[in-house]
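Chain and residue survey
As a plain string of letters, each chain reads:
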Amino acid sequence: MSDPIKTRALGSQGLVVSALGLGCMGMSDAYGPADEDESIATIHRALDLGVNLLDTSDAYGPFTNEELVGKAIRDRRDGVTVATKFGFVGGTDGKGGGRIDGSPAHVREACEGSLRRLGIDHIDLFYQHRVDPKVPIEETVGAMAELVREGKVRYLGLCEAAPATIRRACSVHPITALQTEYSLWSRDPEDELLPALRGLGIGFVAYSPLGRGFLTGQLRRFEDLPADDWRRHRPRFQGDNFRKNLQLVDRVKEIAATKGVTPAQLALAWLLAQDGVVPIPGTKRRKNLEENAAALGITLTSEDLKRIDEAAPKGAASGERYEDMSGVNL
């Protein structure tokens, strides 16, 4: 990819990022064995390609992913958009209780910890990882806004928040981005969330844009997942759901073949065709990163988009995204 990578305005507050970001979670957490050298090489390759939005969280590891990202960007801070999150105490998988804390005191404590682990003096995009139902969103965002005024954070974001909550947050401080799962097998944001964000001038960051790897077409059996893989406990990867979802993937593969691209590239190109959406596919390998980045060069016609819509319509995936959906869309 010799041409400059495409960029995209993320919201209306002035943040411009690469049209495709890099999700770093799997380098340290959830998806089998880690390889620090290859992970750092993958981050460096991303930056070489112009993929400058790096997404992490204090919950990934917990803590170790921020340390890894910090090590990778130590001599390359300029031009990197560092996005991290706070709110899960003890990690996303329940370590230490896995509780959510949106209290003002924790907001500040989490920010200071992230800055230290990342080895930077400011966070470009600071997200609340999940809404804390025990703390009014106005209090949480108020504390986040103080960090902006102090220069420790540039832009604010929320994750998995409902439109009503986002509007309340915006009454305290501008929200630049909302991060939620969005892909060909998770199209719920199209109903209410995306229209609301566009009306508010908020960008959309799509995590798990490849269905946690399922949409790559590489997974054919539940047993292909490593024994310690987080996905083994997600409903869409289990039993009949797995088998039914393979049918969806095979339809995507058929369309990808007619375009001469991989299923992953087709799934990313479809997301990139959606207004204001920045996908952050996660990988810990340079090979996958380069394949994902090549999706930026794919043009989908209106006929292509129609075929994809018919192959993977809203609600096509079998099973819930999480075994417990109580903490999302608050």
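A brief report on the enclosed structure follows.

Definitions and limits used
- Residues numbered from 1 in each chain as written.
- Predicted model: local features only at pLDDT ≥ 70, side-chain atom pairs only at ≥ 80, totals over all residues.
- Heavy atoms only, no water.
- Helix = DSSP H or I, 4+ residues; strand = E, 2+ residues; numbered from the N terminus.
- Rg over C-alpha atoms; globule rule 2.2 N^0.38 Å.
- Buried < 20%, exposed > 50% of the residue type's maximum accessible area, 1.4 Å probe, protein only.
- Contact = heavy atoms within 4.5 Å.
- Areas by Shrake-Rupley, 256 points an atom, 1.4 Å probe, with all protein chains shown as cover.
- Lys, Arg positive; Asp, Glu negative; His and termini not counted.
- Charge placed at Lys NZ, Arg CZ, Asp CG, Glu CD.
- Pairing = 2+ DSSP bridges.
- Right-handed = clockwise from strand over helix to strand, strands pointing away.
- Axes fitted to C-alpha atoms, helices over the stretch in contact; angles between N-to-C directions.
- Arc of directions from axis to C-beta.
- Phe/Tyr/Trp six-rings, centres within 6.5 Å; stacked < 30°, edge-to-face > 60°.
- Parallel < 35°, antiparallel > 145°, perpendicular 65-115°, else oblique.
- Left-handed = near helix turned anticlockwise from the far one by under 90°.
- Salt bridge = Lys/Arg side-chain N within 4 Å of Asp/Glu carboxyl O.

Another aspect to go through is the overall build of the protein. A count of helices and strands for the protein gives 10 helices and 12 strands. The C-alpha atoms of the protein give 19 Å as radius of gyration, which agrees with the globular expectation for 330 residues (20 Å, within 12%). Across its three principal directions, the C-alpha atoms of the protein cover 50 × 40 × 40 Å. Within the protein, buried positions represent 58% of all 330 residues. Residue pairs in contact within the protein that sit at least 24 positions apart in sequence constitute 75% of those at least 6 positions apart. Roughly 13,600 Å² of accessible area belongs to the protein as shown, and the carbon and sulfur atoms make up 48% of that amount. Placing the 42 positive and 47 negative side-chain charges of the protein at their respective mean positions leaves the two points 2 Å apart.

Here we take up the pairing of strand β10 (residues 177-181). Within a regular strand, side chains alternate between the sheet's two faces. Burial within β10 is extensive, with five of its five residues counted as buried. Judged by which residues are buried, β10 turns out to be covered on both faces: Ala177, Gln179 and Glu181 on one side and Leu178 and Thr180 on the other are all buried. Across three bridges, the pairing between strand β9 (residues 153-159) and β10 is parallel. Bridge pairing in β10 links glycine 157 to alanine 177. Handedness of the crossover is the feature at issue here: the chain leaves β9, passes through helix α5 (residues 163-170), returns alongside β10, and the resulting connection is right-handed. Relative to strand β11 (residues 203-207), β10 runs parallel, the two sharing five bridges. From the neighbouring strand, glutamate 181 faces β11, where its bridge partner is tyrosine 207. Handedness of the crossover joining β10 and β11 through helix α6 (residues 193-200): right-handed.

Read from one edge of the open sheet, eight strands run β3-β4-β5-β8-β9-β10-β11-β12, paired in parallel fashion. Looking at strand neighbours, the two that pair on one side only are β3 (22-23) and β12 (277-279), the edges of this open sheet. Together, β10, β11 and β12 form the strand contacts of α6, whose direction differs from that of β11 by roughly 145°.

A few words on helix α10 (residues 302-311). Those residues of α10 that fall on the buried side of the exposure criterion are Asp304, Ile308 and Ala311. Looking straight down α10, one finds that the buried residues subtend no more than 65° of arc, so they occupy a single side. Those residues of α10 that are exposed and aimed more than 90 degrees away from the buried face are Ser302 and Glu310. On its buried face, α10 sits against α7 (239-259) and α8 (263-272).

With that settled, the discussion passes to the environment of glutamate 66. Checked against the element boundaries, glutamate 66 lands in helix α2 (residues 64-72). Each C-alpha atom of the pair glutamate 66 and leucine 115 lies 9.0 Å from the other, and the pair is 49 residues apart in sequence.

Before going further, it helps to examine the packing of aromatic side chains. One pass over the full model with this rule turns up four aromatic pairs. Of the aromatic side chains, those joined through ring pairs into one cluster are Tyr182, Phe204 and Trp270.

With that out of the way, let us pick up the packing of α5 against α6. Running from amino to carboxyl end, α5 crosses α6 at an angle of 20°, the nearest separation of the two axes being 10 Å. With respect to α6, the axis of α5 lies roughly parallel. In the crossing of α5 with α6, the sense of the turn from one axis to the other is right-handed. On α6, the residues that touch Pro163, Ile166 and Arg167 of α5 are Leu193, Ala196, Leu197 and Leu200.

A separate point is the pattern of salt bridges. Tallied over the entire structure, the rule returns 22 salt bridges. With a closest N to O distance of 2.4 Å, glutamate 112 and lysine 152 form a salt bridge. Remark: lysine 152 occurs in the loop between α4 (137-149) and β9 and glutamate 112 occurs in helix α3 (residues 104-118); sequence separation between them is 40 residues. Classification of glutamate 112 by relative accessible area gives partly exposed; the value is 32%. With a closest N to O distance of 3.9 Å, aspartate 275 and arginine 198 form a salt bridge. With aspartate 275 in the loop between α8 and β12 and arginine 198 in helix α6, this pair connects stretches of sequence that are 77 residues apart. Overall, aspartate 275 belongs to the exposed group, its relative accessible area being 57%. You can call arginine 198 partly exposed: its relative accessible area is 42%. Through salt bridges with shared partners, a single network forms among Arg108, Glu112, Glu146, Glu150 and Lys152.

Relative to the elements of secondary structure, glycine 203 occurs in strand β11. Residue classification places glycine 203 among the buried positions, given a relative accessible area of 3%. Along the sequence, glycine 203 and serine 12 sit 191 residues apart, while their C-alpha atoms lie 7.6 Å from each other. Contacts of glycine 203, omitting those with residues within four sequence positions, involve Leu10, Gly11, Thr176, Ala177, Leu178, Leu197 and Gly276.

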